[in-house]
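Listed below, chain by chain, are the residues.
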Amino acid sequence: MTMNPPTEPDGRLTAFGNQLIEVHLWLREELARLREDMYAHPERPRELRAHCLTFCSAVTKHHSGEDEGAFPALAEQFPELRPVLDELARDHRQVADIMRELQELLGDLEADPERVRADLDGLAALLESHFVYEERRLISALNALDAPGWRAAAPAFLSRGQMG
């Protein structure tokens, strides 16, 4: 399914940087929901694992889209951002490692709920720091980015998936 890019009330396209903020807000909300589930229902590891897999898939899709599409486009038009983009890509790998560990931990029906909480809290702290830094450093460049191909359909890193 192709999503139409978000528009303002007057029909203008929402700037790419503003769309990124919207996606980050959505991911923050989903992570908060996952953490609430973990704290409220640690006795239901299968449900938590399913929710975690869905959330992790959304983050992976978002970060892959940035690594493969947004970051190369930004590096081409704004070469001074290359060190920032490299740092953000390193963050993406670190987030992926933590999510993989968390998924493995949730796959263990005997997993210590305190360890799961600690890993989830660590993931939340890392993602929050990453999102804030990315927003601070990239929003204006994304809003100024000339990427005509992105206007027909929102690229993967700017779309919000459906989580149940």
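Note that the coordinates shown come from a computational prediction; the quantities given were computed from them, not determined experimentally.

Student: So what exactly am I meant to see when it comes to the overall build of the protein chain here?
Tutor: Looking only at helices and strands, the protein chain has five helices and zero strands in total. Ordered by position from the N terminus, the helices and strands of the protein chain form the series α-α-α-α-α. Each of the 164 residues in the protein chain was classed as buried or not, and the buried ones make up 44%. Taking as baseline every contact in the protein chain between residues at least 6 positions apart, the subset at least 24 positions apart corresponds to 77%. Total accessible area on the protein chain is roughly 8800 Å²; 49% of this is exposed by carbon and sulfur atoms.

Student: Any chance you could explain the nonpolar core here in plain terms?
Tutor: Side chains of a nonpolar character, in soluble globular proteins, are inclined to be buried together. The biggest cluster of nonpolar side chains holds 25 residues, and the ones touching the most others in it are Leu27, Phe55, Leu123 and Leu127. Contributing elements (two or more residues each) for this core: helix 1 (16-40), helix 2 (45-77), helix 3 (82-107) and helix 4 (113-144). Element by element, the count of residues in this core is highest for helix 4, at seven residues. Residues within four places of Leu123 in sequence aside, it is in contact with Phe55, Val95, Ile98, Met99 and Leu102. If you look at the next biggest cluster of nonpolar residues, it comprises 22 residues, including Phe16, Leu20, Ala73 and Leu158.

Student: So what exactly am I meant to see when it comes to the environment of Leu53 here?
Tutor: Among the secondary structure elements, Leu53 is positioned in helix 2. The class of Leu53 is partly exposed, set by a relative accessible area of 34%. Each C-alpha atom of the pair Leu53 and Met99 lies 8.8 Å from the other, and the pair is 46 residues apart in sequence.

Student: Can you walk me through the packing of helix 1 against helix 4 in this structure?
Tutor: A pair of packed helices can be characterised by two numbers: the angle between their axes and the separation between those axes. Across the interface, helix 1 lies against helix 4 with an axial gap of 10 Å and an inter-helix angle of 170 degrees. As summarised for this structure, helix 1 and helix 4 are arranged roughly antiparallel, according to the angle between their axes.

Cut-offs used in this document
Residues numbered from 1 in each chain as written. Predicted model: local features only at pLDDT ≥ 70, side-chain atom pairs only at ≥ 80, totals over all residues. Heavy atoms only, no water. Helix = DSSP H or I, 4+ residues; strand = E, 2+ residues; numbered from the N terminus. Buried < 20%, exposed > 50% of the residue type's maximum accessible area, 1.4 Å probe, protein only. Contact = heavy atoms within 4.5 Å. Areas by Shrake-Rupley, 256 points an atom, 1.4 Å probe, with all protein chains shown as cover. Core = buried A, V, L, I, M, F, W, Y, C linked by side-chain atoms within 4.5 Å. Axes fitted to C-alpha atoms, helices over the stretch in contact; angles between N-to-C directions. Parallel < 35°, antiparallel > 145°, perpendicular 65-115°, else oblique.

Any link to function would need more than the numbers given here.
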